[in-house]
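# Fold and geometry: a report
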Amino acid sequence: MITLNEQEYKSLKEQAEQLNTVTDELTAALSLLQDISESASAMIWMSGSDQKYHYFNQPFLEFTGKQLSELSGFGWIETVYPEDISRCISTYRKAFTARQRFEVIYRLKRHDGEYRWIICHGAPRFRGEQFVGFIGHCLDFTEHKRNEILEQTRSEALSQVATGMPLKFILHTIVSGIEKAKPEALCSIQLLEPKTLKLKNGAAPSLPDFYTQEVEKLTAEIGIGCCGTAAVTGEIVIAEDINNHPDWQDFLHLTQKAGLHSCWSAPIFSSQGEILGTFAIYHREPHSPGKEDFTIIRHAAELAGIAIERARDTEQLNRLATTDYLTGLANRRVFFQRLEAEISRVQRSLNPASLLMLDLDHFKDINDRFGHAAGDTALKTFSDIIRQRLRDTDVAARVGGEEFALLLPGADAEAAHHFAESLRNVIELTELHLGDTLSIQLTVSIGIAEITPQSSAEQVMSRADQALYLAKNSGRNRVCRAADDAA
Ligand SMILES: Nc1nc2c(ncn2[C@@H]2O[C@H](COP(=O)(O)OP(=O)(O)OP(=O)(O)O)[C@@H](O)[C@H]2O)c(=O)[nH]1
């Protein structure tokens, strides 16, 4: 037992009181720090000198929906978007080794399964001189990042439209941009074929091929998935849970095989209000859209509408510029280009090719007797008969009023004569219907010139014309070869 004198006792009592005060102050400071950390809007974490994470504040736990024990150590990595994991780890490790501040942007899975864009700042912690680990705070800046990606996607897609990139390419840009802004989403654009109402795949890079192929077989109508319904009603259709949605019951074998659980689909409109297709967002888990999702869907559908409409306009312009308005066959200008290309090919390969000039016999009589409209119908029907007999590599053109030209790559004069004779025969035997009750018979005269490597396009045309003239002068409804090709 130690006995203290009054002086010693007094000093010890003072020290004990000071210690109590310091302890109280420390407890208050700690509780203040804890209050700050827990009530902060930022998600705060701390790691130790062993690199392992040991503290996550309440907002972090609430955001991820995880327990501290699940995130501790390196457990948090499981909530990071797979593509971002290695970048996150290497940034952290590098900063840790150098004991330097760092910043990293990555995607973190929220409790509802949605990946959100996170900006994380970390800084080394020291106790005196001693390094004790890192402290960091993370902020959800998804809105900002999404807007940035959507804006980039918009300007990229529009510049592709402006420079005349192929439609498939532009639709792919749109879909990939939306998938970047919403990493858990799988997007698709389908094009509505106006005549058949089939939904053709425009772009769906993340959906399995078997799924898009099966969807292409379906016809858009109410109850045929979200896209079928949207393409017919012109309304956005939301199936938060595909398994329990009436429009999907006939397709669950497909969606289950593809691992799809929700689908939101919006119609794509032209500037005239015509439905051009659908834009859809799928999820692998049941998912309902938030306000910003509707903005994204409308944004993507609008962009796709601009691209599809522009592609259709371009296609129509090309068609108008290259085809004959009445028969749909190639026009004279295109035929001449193809003929020149074919002559070059013959010069290179020495493979044969032939040119046929065709002229309907006594066509003036048809116009005179039955009228110009009946004559037009006869020209169209005649063109259809030709078209049905062409191979993919053949070219047929209307080069004058009732004058046509055929280019037959691979056919020498003999083969071309055989083809021409069978065509002449079919025309002679075919009744051309010029209305419900009226039908007539036509005949055609044909001149043939085989393309020789040394000939120009004009020369080949002129030789075929001379052969045609011969056919006309020999009584019509016959096939003649150019003088130097004659068998
Ligand atoms: N309906 C219609 N007729 C056309 C068109 N282009 C030319 N024709 C007509 O085709 C007829 C050609 O007459 P012609 O050149 O005398 O020849 P043809 O009557 O066929 O006599 P042959 O060629 O000598 O057998 C004219 O009556 C033109 O008006 C067209 O786009 N539509």
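This section reports on the structure supplied with the text.

Definitions and limits used
Residues numbered from 1 in each chain as written. Predicted model: local features only at pLDDT ≥ 70, side-chain atom pairs only at ≥ 80, totals over all residues. Heavy atoms only, no water. Patch = residues over 30% accessible without salt bridge, like charges linked within 9 Å, V, L, I, M, F, W, Y side chains within 5 Å. Areas by Shrake-Rupley, 256 points an atom, 1.4 Å probe, with all protein chains shown as cover. Salt bridge = Lys/Arg side-chain N within 4 Å of Asp/Glu carboxyl O. Helix = DSSP H or I, 4+ residues; strand = E, 2+ residues; numbered from the N terminus. Buried < 20%, exposed > 50% of the residue type's maximum accessible area, 1.4 Å probe, protein only. Pairing = 2+ DSSP bridges. Axes fitted to C-alpha atoms, helices over the stretch in contact; angles between N-to-C directions. Contact = heavy atoms within 4.5 Å. Phe/Tyr/Trp six-rings, centres within 6.5 Å; stacked < 30°, edge-to-face > 60°. Lys NZ or Arg CZ within 6 Å of the ring centre and 35° of its normal.

## A few points about a nonpolar patch on the surface
A cluster of nonpolar side chains, Ile2, Leu4, Tyr9 and Leu12, forms an exposed patch at the surface whose accessible area comes to about 450 Å². As for its placement among the helices and strands, Leu12 is situated in helix H1 (residues 6–39). For Leu12, a relative accessible area of 48% gives the class partly exposed.

## Considerations on the sheet that holds strand S4 (residues 115–127)
In spatial order, the strands read S2-S1-S5-S4-S3; together these five strands make up an open sheet with antiparallel pairing. Both outer strands of the open sheet, strand S2 (53–56) and strand S3 (102–109), are each paired with one neighbouring strand and no more. Within this sheet the neighbouring strands show an average axis-to-axis angle of 30°, counted without direction. As defined by bridge partners, strand S1 (residues 43–47) adjoins S2 across three bridges and the pair is classed as antiparallel. Considered in S2, the bridge of Ser47 is made with Tyr53. In the packing of helix H4 (residues 82–98) onto the sheet, contacts are made with S1, S2, S3, S4 and strand S5 (130–140), and the angle to S3 comes to roughly 150°.

## Some remarks on the packing of aromatic side chains
Throughout the structure, instances matching the rule amount to 20 aromatic pairs. Ring centres of Tyr53 and Tyr92 lie 5.0 Å apart, and the angle between their planes is 50°; on these two criteria the pair is classed as tilted. Of this pair, Tyr53 sits in strand S2 while Tyr92 sits in helix H4, and the two are 39 residues apart along the sequence. Owing to a relative accessible area of 2%, Tyr92 belongs among the buried residues under this scheme. Between Phe56 and Phe60 the ring centres are 4.8 Å apart and the planes differ by 70°, which places this aromatic pair in the edge-to-face class. Judged on exposure class, the residue Phe56 and its partner Phe60 are both buried. Sitting over the face of the ring of Phe74, Arg93 holds its NZ or CZ atom 5.5 Å from the ring centroid. Its end group placed over the ring of Phe210, Lys257 keeps NZ or CZ at 4.2 Å from the ring centre.

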